[in-house]
Amino acid sequence: MARKVEFRGGAQEGEGAHGGGAKRRGKGAAVDHRARARELRAQREQLPVFGARGAIVREVRRHATVVIVGETGSGKTTQIPQYLLESGFSRYGETAIAVTQPRRVAATSVAKRVAEEVGTALGARVGYTIRFEDCSCDKTQLRFCTDGLLLREILSDPLLRRYSVVVLDEAHERTLRTDILLGMLRDIQRGRRRRRQLAAQGQPQGAGAHTRFGDDADGAAAGIGELKIIVMSATLDADRFSAYFDDAPVLYVAGRQFPVTTYYTVAPQADYLDAAHLTVLQIHTETPSTSGDILVFLAGQEDIENVERLLAEAAAHLPRAVPRLLVCPIFAALPQAQQALVFEPAPEFTRKVVLATNIAETSLTIPGIRHVVDSGVHKVRGFDPRIGESLLVEPISRSSARQRAGRAGREAAGFCYRLYTEADFAQLPEDAVPEIRRCQLTMVVLQLKAAGVDDVLGFGFMDAPPKRALKHALLELYALEALDDRGALTALGRWMAEFPLDPSYSKAIYASRAAGCTREVVDIVALLSVDSLFYVPADKRDESNQAQAAFRSRDGDHLTYLSLLRAYQAAGGDKDWCHEHFVNRCAMRHVLDVRQQLTRLCARLAIDPAQSCGADLDPVLRCFLSGFFHNCALLQPDGSYRSLNGSQTVHVHPGSALFGKKTPAIFYDQLVFTSRLHARAVSAVDPLWIAQASPKLYGRLASAAP
Ligand code: CDP
Ligand code: MG
């Protein structure tokens, strides 16, 4: 190999080992459930958190809220909920324990593991519920879910009566939904307490009760228990959580971390993808494969697919004597069956390379990792009222970099290769800015309103979002007609909040009722829920491009996707057909799942999901426009597109059906900023439609039209 990435450093981070490392699971052992349970039992008792079991249960009994801090891998997520279950915090058939995760993958994979440890079928005593997928029943006592899902439950169950305990996991990530949940849970805890006090004084429960819970039937409040809240975090700054919950006690679980030797590049790397794949090859060829697997942190799916391709090309040319490379990607949108692969040990004479987003930073523990390659970037959702929502690739924080390095020292001493210089590391911010301070708030404001929080500006956030962003969200919801001019939820707004979707999509679905094209709109919303409908192998770009052309609509991507779905259905989802047409079959199956859920929801909300507009698809685009009028751009005399709401130059994504085409106006599903602003999922529309979709904002376009 001629090209190399040069590293310097070699300083060790982390403390010496405490206790023995967890053994890597043996492969291909015959399934013996009892032996497996015994094996797991022993493993469970070796986890650092086991020693704190008594103290944890005691503190949770004593206090309404407890904050627990522990190193990643110490057993917080899998063990603490079980301790509570074993200690009777949930009553069979009555109350359950909810454990929230910021990510779907974590919720499902952890639930699976815990069901195994408890010795129950997944979906029975232990289960999970995530958007569009429910693997639980009324008897489920331990439910893993996404934080977004629990937020939705508050809409139908304002006091979360079915839960005795809510465990808020990965709180240090401070995702938007975690932050909202923190505020809502504190409110609910206080609301329940007040109810109990009133009940104890023999007062009618409605009187003086918190307004948000005021419409709750009085009688039903009898016997309502306290809501226990457990906030779990992998970083040490727990004081803020404690202060937020009236000085809740903080428990520290000692970690088990082996030393990690960290290297930095000698010079800044122009292309971290190139550097990442070269570094993997260097590690692979220069250290024996028995020295452990490699975990590479990248920004997102695209990065991962690129590095996967680079590695596949290089792996084909490895000398025979060098062990094989098994590349396993993991990112949120990856189908579950493939996600599961990262947890499997590699076959003999093979080294596993896991390519991950920051999903593997704290929420998933991948066994066997001894080498970490840190690109130093992640993808963050950003929001600027002028350009709308964006996904930006940005440098991580120092605290993230430390977490990433720590992944190499879980089972033995490890190595971390940072693809940036030590000077660059020193320039990184210590902590990431909480998501709530930098992202789009439309959906959460709608949810807060639907949950009865009238004064969103006065809501008790742990970190208040910028007023400007809140006001923008209120305005946007007003433009979508989800709020009236006094800021109160409209009937339409209440209806929109029922959908686990961004309000723009639920608005489009709503519009489809009158337009008679619910079937098409729901299909497209489902299609937009996955990242890549096509699978494009690096060496077959042209062929796959040609195959895709068969589905391409002149009107753009929304209708292109629709015709892809129709063709897929006509082919009966056939595997060979997908292969021939470079269609991502897993993604299509996910689309069908989402579609089914949305169809059910429509039927429940009195919209006929079968209504179809036939061959004339204009109404479909107009429905989307009724939700996406803020994502429009007009063609300029110089041939560029300029966004309507921020006068930014917007480029059509190269993968779009409209790439290189000129049309008077476009709307898009998403703007992605990388080196420039790219519009994704783009369709052509008549400028007049934009005016009609939102007379409040863009009526002027109608008067300007000839
Ligand atoms: O939450 P925390 O990072 O503290 O730890 P955890 O997720 O509860 O993981 C504890 C241990 O359970 C890990 O070190 C893994 O060895 C094991 N585990 C596993 O083998 N498979 C899973 N799906 C999850 C955890
Ligand atoms: Mg965890």
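In this text the structure is predicted, and so the values were computed from the model without any measurement.

Criteria and thresholds
Residues numbered from 1 in each chain as written. Chains lettered and ligands numbered in written order. Predicted model: local features only at pLDDT ≥ 70, side-chain atom pairs only at ≥ 80, totals over all residues. Helix = DSSP H or I, 4+ residues; strand = E, 2+ residues; numbered from the N terminus. Rg over C-alpha atoms; globule rule 2.2 N^0.38 Å. Buried ≥ 20, exposed ≤ 12 C-beta atoms within 10 Å, placed from the backbone. Contact = placed C-beta atoms within 7 Å. Axes fitted to C-alpha atoms, helices over the stretch in contact; angles between N-to-C directions. Parallel < 35°, antiparallel > 145°, perpendicular 65-115°, else oblique. Left-handed = near helix turned anticlockwise from the far one by under 90°. Near = placed C-beta within 6 Å. Nonpolar A, V, L, I, M, F, W, Y, C, P; charged D, E, K, R; others polar. Domains from an automatic or database assignment. Pairing = 2+ DSSP bridges. Expected span 1.5 Å × (residues − 1). pLDDT = per-residue confidence, 0-100.

Student: It is not clear to me how the overall build of the protein should be interpreted in this structure. Could you clarify?
Tutor: A tally of helices and strands in the protein yields 24 helices and 22 strands. Relative to the 2.2 N^0.38 estimate, which gives 27 Å for 706 residues, the radius of gyration of the protein is 26 Å and therefore close to what a compact globule would have. Overall, the C-alpha framework of the protein stretches about 80 × 75 × 50 Å when taken along its three principal axes. In the protein, which comprises 706 residues, the proportion classed as buried is 47%. By sequence separation, contacts in the protein at least 24 residues apart represent 73% of the contacts at least 6 residues apart.

Student: Looking at this structure, I do not really get the packing of helix α5 (residues 147–156) against helix α6 (residues 176–200). What am I missing?
Tutor: Packed helices, taken two at a time, are described by the angle between their axes plus the distance between the axes. Taken N-terminus to C-terminus, the directions of α5 and α6 make an angle of 40°; their axes are 9 Å apart at the nearest point. One element, α5, and the other, α6, form an angle in the oblique class. At the point where α5 passes α6, the crossing takes the left-handed sense. Side by side, α5 and α6 meet where Asp147, Gly148, Leu150, Leu151 and Ile154 of the first sit next to Arg177, Thr178, Ile180, Leu181 and Met184 of the second.

Student: In this structure, what is going on with helix α3 (residues 76–86)? I would like to understand it.
Tutor: What sets the pattern is the α-helix's 3.6 residues per turn: residues three or four places apart point alike. For α3, the set of buried residues is Lys76, Thr77, Thr78, Gln79, Ile80, Pro81 and Leu84. Residue Gly88 follows α3 closely and has a positive phi angle near 80°.

Student: Explain the packing of helix α2 (residues 53–62) against α3 to me, please; I cannot follow it from the model alone.
Tutor: The interhelical angle for the contact between α2 and α3, taken along N-to-C directions, is 60°, at an axis separation of 10 Å. Considering the angle they form, α2 stands oblique to α3. Remark: the crossing between α2 and α3 carries right-handed chirality. Contacts between α2 and α3 involve Arg53, Ile56, Val57 and Val60 on the former and, on the latter, Ile80, Tyr83 and Leu84.

Student: Got a minute to help me understand the site of ligand 1 in this structure?
Tutor: Lining the immediate environment of ligand 1, one finds 17 residues, of which Lys76, Thr77, Thr78, Arg113 and Thr365 sit closest. Elements supplying a minimum of two residues to the shell around ligand 1: α3 and α4 (104–118). When residues of the shell around ligand 1 are assigned to their parent elements, the largest contribution, four residues, is made by α3. Along the lines of polarity and charge, the residues of the shell around ligand 1 split into five nonpolar, 10 polar and two charged. Split by domain, the residues of the shell around ligand 1 number at least three in each of domain 1 (7–13 + 257–432) and domain 2 (33–253).

Student: How should the domain arrangement of the protein be read in this particular structure?
Tutor: When cut into domains, the protein gives domain 1 (7–13 + 257–432), domain 2 (33–253), domain 3 (499–609) and domain 4 (629–704). Across the contact, nine residues belong to domain 3 and eight residues belong to domain 4. Each residue belonging to the side of domain 3 that touches domain 4 can be placed in one class, and the counts come to two nonpolar, four polar and three charged.

Student: Can you walk me through unusual backbone geometry in this structure?
Tutor: A negative phi angle characterises most non-glycine residues, just as the trans form characterises most peptide bonds. The phi dihedral of Phe349 falls on the positive side, at around 55°, and the residue is not glycine. Within the fold, Phe349 resides in the loop between α10 (336–339) and β13 (350–356). Although it is not a glycine, Ala681 adopts a positive phi angle of roughly 55°. Judged by local crowding, Ala681 falls into the buried class, with 24 C-beta atoms found within 10 Å.

Student: I keep staring at the sheet that holds strand β2 (residues 65–70) and nothing clicks. Help me out?
Tutor: Pairing between sheet strands relies on hydrogen bonds along the backbone, with the strands arranged either parallel or antiparallel. The sheet built from eight strands is open, its strands ordered β5-β4-β6-β3-β7-β8-β2-β9 with mixed pairing. Taken across any chain shown, the strands that pair with only one partner, and hence form the sheet edges, are β5 (133–135) and β9 (250–253). Strand-to-strand twist of the sheet, defined as the mean angle between neighbouring strand axes without regard to direction, takes the value 20°. Here strand β3 (residues 96–101) runs beside strand β6 (residues 142–146); their pairing, made up of five bridges, is parallel. Each residue of the ladder has a partner; that of Gln101, found in β6, is Thr146.

Student: It is not clear to me how helix α14 (residues 467–479) should be interpreted in this structure. Could you clarify?
Tutor: Taking 1.5 Å of rise per residue, 13 residues should cover 18 Å, and α14 covers 18 Å from first to last C-alpha, within 8% of that figure. When we look at burial in α14, the residues that qualify are Ala469, Leu470, His472, Ala473, Leu474, Glu476 and Leu477. Tucked into the core, α14 has its buried residues touching β15 (377–384), α13 (442–450), α15 (491–497) and α16 (503–515). Just downstream of α14, Glu481 is the residue with a positive phi angle, here 65°.

Student: Would you take a moment to explain the environment of Tyr568 for this structure?
Tutor: You can see Tyr568 is positioned in helix α19 (residues 557–570). On the basis of neighbour count, Tyr568 is assigned to the buried category, with 22 C-beta atoms found within 10 Å. Sequence spacing of Tyr568 and Arg468 is 100 residues, and the spatial spacing of their C-alpha atoms is 44 Å. Setting aside residues no more than four positions away along its own chain, Tyr568 makes contact with Gly573, Val583 and Met588.

Student: Would you mind going over the environment of His371 with me for this structure?
Tutor: Turning to its location among the elements, His371 is positioned in strand β14 (residues 369–374). Classification of His371 as buried rests on a count of 24 C-beta atoms within 10 Å. As a C-alpha pair, His371 and Val530 span 159 residues in sequence and 31 Å in three-dimensional space. Non-local contacts of His371, meaning those with residues more than four positions away in its chain, are made with Ile283, Gly292, Ile294, Ala408, Gly414 and Phe415.

Student: Where do I start with the confidence of the model for the protein in this structure?
Tutor: Detailed conclusions should not be drawn from predicted coordinates in areas where pLDDT is low. This prediction gives the protein a mean pLDDT of 88; 92% of its residues lie at or above 70. Averaged pLDDT values for the elements of the protein fall to 71 in helix α24 (residues 695–704) and rise to 98 in strand β7 (residues 163–168). Segment residues 15–31 is flagged for pLDDT under 50; beyond a separation of four residues in sequence, or across chains, it makes 21 contacts in the model. Below pLDDT 50 for its whole length, residues 215–219 participates in six contacts with residues either more than four positions away or in separate chains.

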